[in-house]
Amino acid sequence: MEFLKTLLIIILIFLGIRIFFRMFGPAIMRYAMKKASDKMSKKFQQQYQSQQSNRQHTQEEAGKVSFDSRTKSTRKAKKQVGEYIDFEEID
C-alpha cells in the first residue's frame, strides 16, 4: 500500500510539473529570449561604439609622424639547435 501511495505522489508531481510548464512555458521562453536578445544587442552596441572611437582615433593620427629613438640592445644569440636548410621550389 505504501508503494502505491509513493507511486501516486510521483505521478501527481510529474503531471503537475507538466501542466505548469504547459501554462507558463511560453512565457518563460519569451522572457529568456528577450534577455538573450537584450544581452546580444548591448554587446553589439559596445563593439560598434568601440569601432567608431578607434576610427576617430586613427583619423586624428593619420597625418602625424612620430619617431622612436631607442638604443640598440645587445642581445645574445640563442643557442642554435640544428641547421637551417633553404629549400627551392621545383616546377
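Notes on the structure follow. Computed from a predicted structure; not experimentally measured.

**As for the overall build of the chain**
Scanning the chain from terminus to terminus reveals 1 helix and 0 strands. Expressed as a percentage of the 91 residues in the chain, the buried residues total 1%.

**Concerning a positive patch on the surface**
A contiguous patch of positive charge on the surface is contributed by Lys-35, Lys-39, Lys-42 and Lys-43. With respect to the helices, strands and loops of the structure, Lys-43 is situated in helix 1 (residues 2-60). Judged by relative accessible area, Lys-43 falls into the exposed class, the value being 55%.

**Brief notes about the packing of aromatic side chains**
Taken as a whole and assessed by the stated rule, the structure comprises 3 aromatic pairs. Residues Phe-20 and Phe-21 carry aromatic rings whose centres are separated by 5.4 Å and whose planes lie at 75° to one another, so their mutual orientation is edge-to-face. What makes Phe-20 partly exposed here is its relative accessible area of 39%. Plain terms: the ring middles of Phe-20 and Phe-24 are 5.1 Å apart, the flat faces sit at 45° to each other, and that makes the pair tilted. Taken together, the positions of Phe-20 and Phe-24, both in helix 1 and 4 residues apart, correspond to about one turn of that helix. The structure contains a cluster of three or more aromatic residues connected by ring pairs, namely Phe-20, Phe-21 and Phe-24.

**With respect to a nonpolar patch on the surface**
The grouping of Ile-9, Ile-13, Ile-17, Ile-19, Phe-20, Phe-21, Met-23, Phe-24 and Ile-28 at the surface amounts to a nonpolar patch, some 890 Å² of accessible area in total. When you line up the elements, Ile-9 lands in helix 1. The class of Ile-9 is partly exposed, set by a relative accessible area of 43%.

Rules and cut-offs
Residues numbered from 1 in each chain as written. Predicted model: local features only at pLDDT ≥ 70, side-chain atom pairs only at ≥ 80, totals over all residues. Heavy atoms only, no water. Helix = DSSP H or I, 4+ residues; strand = E, 2+ residues; numbered from the N terminus. Buried < 20%, exposed > 50% of the residue type's maximum accessible area, 1.4 Å probe, protein only. Patch = residues over 30% accessible without salt bridge, like charges linked within 9 Å, V, L, I, M, F, W, Y side chains within 5 Å. Areas by Shrake-Rupley, 256 points an atom, 1.4 Å probe, with all protein chains shown as cover. Salt bridge = Lys/Arg side-chain N within 4 Å of Asp/Glu carboxyl O. Lys, Arg positive; Asp, Glu negative; His and termini not counted. Charge placed at Lys NZ, Arg CZ, Asp CG, Glu CD. Phe/Tyr/Trp six-rings, centres within 6.5 Å; stacked < 30°, edge-to-face > 60°.

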